[in-house]
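# Topology and contacts: notes
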Amino acid sequence: MYLVFSIAWIILELLPGTLAAEYNETAEKLHEITNPEKYHKYLRPYHNGHPVNVLVGMEVIHFVAVREMSEEFSLDLIIWQEWTDPRLSHPLNHSITLPGDAKKLIWLPDTFFVNVRSATLHDVIAENSKIVISPNGTVAYSTRITMTAGCSMNLADYPLDEQTCALQLSTYAYTKLDLDYYWYPDYNNGINVRDESMAELTLTHTETSKDVERYIDGTRAKLVARFWFKRRLGYAFLQIYIPTMMLVVLSWLSFWIPQDSIPARVALGSTTVLSIVTFTGSFRSSLPKVSYITAVDVYFIVGFAFIFAAPLEFVLVLLNSGVKRHFRSSNDDSGNKKEKEDNGVEELQEVKVEIPTKPKIGRTSSVRIAKEYMQYAFIKNEASSIDRVCRVLFPCCYAIFNLIYWTYYELATFGNHSHPEV
């Protein structure tokens, strides 16, 4: 037992010295390979030789927002870049891991995002970046960025649309003969998304590709990451479609108001027309001013047409009543016989209507009661024949429109959006 404790004590005594030796060795090698007298960080690896191949990978932490008004999208990501710099090879049997501040000691590719509008490097609590130098001179540099990039959008199907946004990555100073980019081949094609959920959109697909960008001073390599977003319909139903449907249905109530109640029908018609105009204007103010008609514009226009048609229908009712009144007056003055029924057209004289009375419990079934009320509402009540036709015609036409609308935008357009030119 004493021997065991003795050996353990000797090991503990020697361990701090071993750690100090390893620390000094790593520090010396790092100073040696990054010595400015030998290592010129402003010159790329393989100077005047073959191009530097840079492997790129992205880890999207989450998407911040997709903004239609400014045609841009924001995301928080970590970007990895890996290349080989033979000047940084060392004899250590382990890699050297350094914080992001050490990037000023070595050469780094001047990578930038072509379509970026604003970007922020995270430095809380410390700078969110690191450098790893492998014994064979392979350098891995990663950093976390929150950026906003431009995204050209086609809103023809809004709010039943799909959008494709892209990140374009390239080099500013080096042509393709000096520096070339490649996606990590075994890392989800170079990109991975941790959180795909957003408030209004959902990510459906990602894709990476390699391209070139031609400038006056030469051709540069470029990597492109594309993101496909599909809009959720919950917000659109609650804020657009259901309120519009309710206004359209509300305008149909005028068909059940007696034609001699002119103030009530005029007030209802004007209120619904002004409501749909105000609602459309307030919603359109939150969208970019595009020169083409969107899906929501189609729904608003048709809804406005149905609402505006209700007051026009009342004008036809009044004109029809005036014509019949004119013919009745002419027949009375000439001494002709009494008026005959006008083939189903309503008489303006008082008509005795049998209003169904409340049945006794147990005498009439609930189905028959409902049937009698429906007959009174649509057939037996005192109303113009035009009103009776419109009570059925308007809902049927609106239902047919909704069937065509949702069938077209659900089946005909989803998934047929072309990729944006990058």
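Predicted model only: the values in this text are computed from it and were never measured.

Evaluation of the coordinates by the stated rule reveals 26 aromatic pairs. Ring centres 6.0 Å apart and planes at 70 degrees place the aromatic pair Trp107 and Tyr174 in the edge-to-face group. Of the two residues, Trp107 sits in the loop between strand S3 (96-99) and strand S4 (111-113) while Tyr174 sits in the loop between strand S8 (162-171) and strand S9 (179-183), which places them 67 residues apart along the sequence. Take Tyr174: its relative accessible area is 17%, and that puts it in the buried class. When the centroid spacing of 6.1 Å and the interplanar angle of 80 degrees are considered together, the rings of Phe306 and Phe394 count as edge-to-face. Of the two residues, Phe306 sits in helix H4 (residues 295-333) while Phe394 sits in helix H6 (residues 385-412), which places them 88 residues apart along the sequence. We note Lys210 situated over the ring of Tyr182; from NZ or CZ to the ring centre the distance is 5.1 Å.

Relative to the helices and strands, Met245 resides in helix H2 (residues 234-251). Met245 has contacts with Tyr299, Tyr398 and Asn402, leaving out every residue within four places of it along the chain.

What follows concerns H2. In this model, H2 (18 residues) spans 25 Å end to end at C-alpha, consistent with the 26 Å of a helix rising 1.5 Å per residue. At Tyr241, H2 shows its largest kink, close to 35 degrees, and the proline Pro243 lies no more than four residues downstream. Along H2, the residues classified as buried are Ala236, Ile240, Tyr241, Thr244, Leu247, Val248 and Ser251.

Time to look at the pairing of strand S11 (residues 201-215). Bridging between S11 and strand S12 (residues 218-231) involves 14 bridges; their strand directions are antiparallel. In the sheet register, Leu201 faces S12, and the bridge partner there is Arg231. Connecting S11 to the next strand, S12, in antiparallel fashion are 2 residues.

Within this structure, the stated rule accounts for 1 disulfide. The residue that forms a disulfide with Cys151 is Cys165, at a sulfur-sulfur distance of 2.0 Å. Handedness here is read from the sign of the S-S torsion; for Cys151 and Cys165, about -85 degrees, the answer is left-handed. Of the two residues, Cys151 sits in the loop between strand S7 (138-150) and S8 while Cys165 sits in strand S8, which places them 14 residues apart along the sequence. Residues Cys151 and Cys165 agree in their burial class; the two are buried. Cys390 takes part in no disulfide bond, and the closest cysteine sulfur to it belongs to Cys397, at a distance of 9.4 Å. You can see Cys396 has no disulfide; the closest cysteine sulfur is in Cys397, sitting 6.9 Å from it.

Together, Phe237, Leu238, Ile242 and Met246 make up a nonpolar patch on the protein surface, roughly 390 Å² of accessible area in all. Relative to the helices and strands, Ile242 is located in helix H2. The partly exposed category is assigned to Ile242, whose relative accessible area is 36%.

Conventions we followed
Residue numbers run consecutively from 1 along every chain, following the written order of its sequence. With the structure being a predicted model, the display of local features is reserved for residues of pLDDT at least 70 and the display and counting of side-chain atom pairs for 80 or more, all residues being used for whole-chain, interface and lining totals. Excluded from the side-chain calculation are hydrogens and water; included are all heavy atoms of the structure. Centre distance within 6.5 Å is the pairing criterion for rings of Phe, Tyr and Trp, where only the six-membered ring of Trp is used; planes under 30 degrees apart are then read as stacked, over 60 as edge-to-face, and the remainder as tilted. To qualify as a helix, a DSSP run of H or I must reach at least 4 residues; to qualify as a strand, a run of E must reach at least 2; elements of each kind are numbered from the N terminus. Throughout, exposure labels follow a simple rule: accessible area from a 1.4 Å probe, protein chains only, divided by the maximum for the residue type, with under 20% read as buried, over 50% as exposed, and the rest as partly exposed. Whether a charge sits over a ring depends on NZ of Lys or CZ of Arg being within 6 Å of the ring centre and within 35 degrees of the ring normal. We call two residues in contact when some of their heavy atoms are within 4.5 Å. Here a helix's expected span is defined as the number of its residues, less one, multiplied by 1.5 Å. Consider a residue and the seven residues that end there alongside the seven that start there; fitting an axis to each set, the bend is the angle between those axes. Following DSSP output, two strands are said to pair if at least two bridges run between them. Criterion for a disulfide: a pair of cysteine sulfur atoms at a distance within 2.5 Å. What goes into a patch is any residue over 30% in relative accessible area without a salt bridge, connected to like charges within 9 Å or, for nonpolar side chains (Val, Leu, Ile, Met, Phe, Trp, Tyr), within 5 Å. For every accessible area listed, the method is Shrake-Rupley and the probe measures 1.4 Å; residues are considered covered only by the protein chains on display. Here a salt bridge means any side-chain nitrogen of Lys or Arg lying within 4 Å of a carboxyl oxygen belonging to Asp or Glu.

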